Amino acid sequence: ESLVPVENEILLLGKDKFYNLSVNSKDGNSDQKSYLISLIKNKLSGYKLLIDADSAEYSDSIDYNILFKNVVFKTVYKSIYNDNLLGTKMVNRVISVSYDVIITDERTSSQIFNKNFNKKTEDSFKIDEQNLVEDRRYNFSQSNLPEESSLNKVIYPAVIILASAIAIILFFTIRSK
C-alpha cells in the first residue's frame, strides 16, 4: 500500500529508464534495508533497477535515483488479553512503518517526487500463533511479549475454578435429591 504512489510515479517515468535504488534506514538496520529492497524489487520487477549503484560508474546509464531514507519498521506488543470465556489469550500488536522517498533526475539533479510515508496499524493475534506472525529473518517483525495483567494471571483462573466447583457441587446436590 505504501509503495503505490512510488509505483505510479515510476510508471509515468517509464519502464525503459534505468533507476538507481538506495535505502538508508534510520538506525542502520540492515534487516529493514534488505526487506524494503526485496519488496521493491518484487513490486517493480518489470523495471530496470540498479541497487546502490555507484553514480560515477553508471552515470551514463542511470536516468533516475530513488532514495528511501529514514526507514523505520517497528513492531510493539502492547498487551495480552483473554478474547473469550474459554481464555483464548490474544496479543495486541502495533506495527509502525515510516520513511521518506525522493526520486531525482540524474541529469538535472532536480527532485521529481518527494513523499513522507508514516502509518501505524493495530491488530491482534493468538499468543500461540506468535511464530506464525513473526518473520524470523527480520528482527523488526518481532517484539517482546508484555507482562500479563493480574486479571489474566490470578483472577481469571480463580473464576474458572470457582465456576467449576459450583457446577460440581450443584451436580451432586441435584443428583442426590
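Located above this text is the structure these notes cover.
Reference entry: report on the structure contained in this document.

About the cut-offs
- Residues numbered from 1 in each chain as written.
- Predicted model: local features only at pLDDT ≥ 70, side-chain atom pairs only at ≥ 80, totals over all residues.
- Heavy atoms only, no water.
- Helix = DSSP H or I, 4+ residues; strand = E, 2+ residues; numbered from the N terminus.
- Buried < 20%, exposed > 50% of the residue type's maximum accessible area, 1.4 Å probe, protein only.
- Polar contact = N/O pair within 3.5 Å; in protein donor to acceptor, adjacent residues only side chain to side chain.
- Core = buried A, V, L, I, M, F, W, Y, C linked by side-chain atoms within 4.5 Å.
- Contact = heavy atoms within 4.5 Å.

## Structural notes on unusual backbone geometry
(1) Moving on: The backbone phi angle of Asp-52 is positive, close to 45°, even though this residue is not glycine.
(2) Moving on: Along the chain, Asp-52 falls in the loop between strand S2 (48-51) and strand S3 (64-82).
(3) Moving on: Assessed through its relative accessible area of 38%, Asp-52 is described here as partly exposed.
(4) Moving on: Within the chain, Asn-70 stands out as a residue other than glycine whose phi angle is a positive 55°.
(5) Moving on: Here Asn-70 lies in strand S3.

## Some thoughts on the side chain of Glu-134
(1) Moving on: By the element assignment, Glu-134 lies in the loop between helix H3 (130-133) and helix H4 (150-176).
(2) Moving on: Residue classification places Glu-134 among the buried positions, given a relative accessible area of 6%.
(3) Moving on: In this structure the side chain of Glu-134 is engaged in a polar contact, spanning 2.5 Å, whose partner is the side chain of Tyr-77.
(4) Moving on: A polar contact is formed between the side chain of Glu-134 and the side chain of Arg-136, at a distance of 3.1 Å.

## What about the nonpolar core?
(1) Moving on: Core analysis: the biggest nonpolar cluster contains 25 residues, and Ile-10, Tyr-19, Ile-40, Ile-66, Phe-68 and Ile-103 have the highest contact counts within it.
(2) Moving on: Sorting the residues of this core by element identifies helix H1 (4-13), strand S1 (18-25), helix H2 (30-43), S3, strand S4 (89-105) and strand S5 (111-126) as the ones contributing at least two each.
(3) Moving on: Of the residues forming this core, the biggest block, five residues, is contributed by S3.
(4) Moving on: Each residue touching Ile-66, except ones within four places of it in the same chain, is listed here: Ile-10, Tyr-19, Asn-20, Leu-21, Ser-22, Val-101, Ile-102 and Ile-103.

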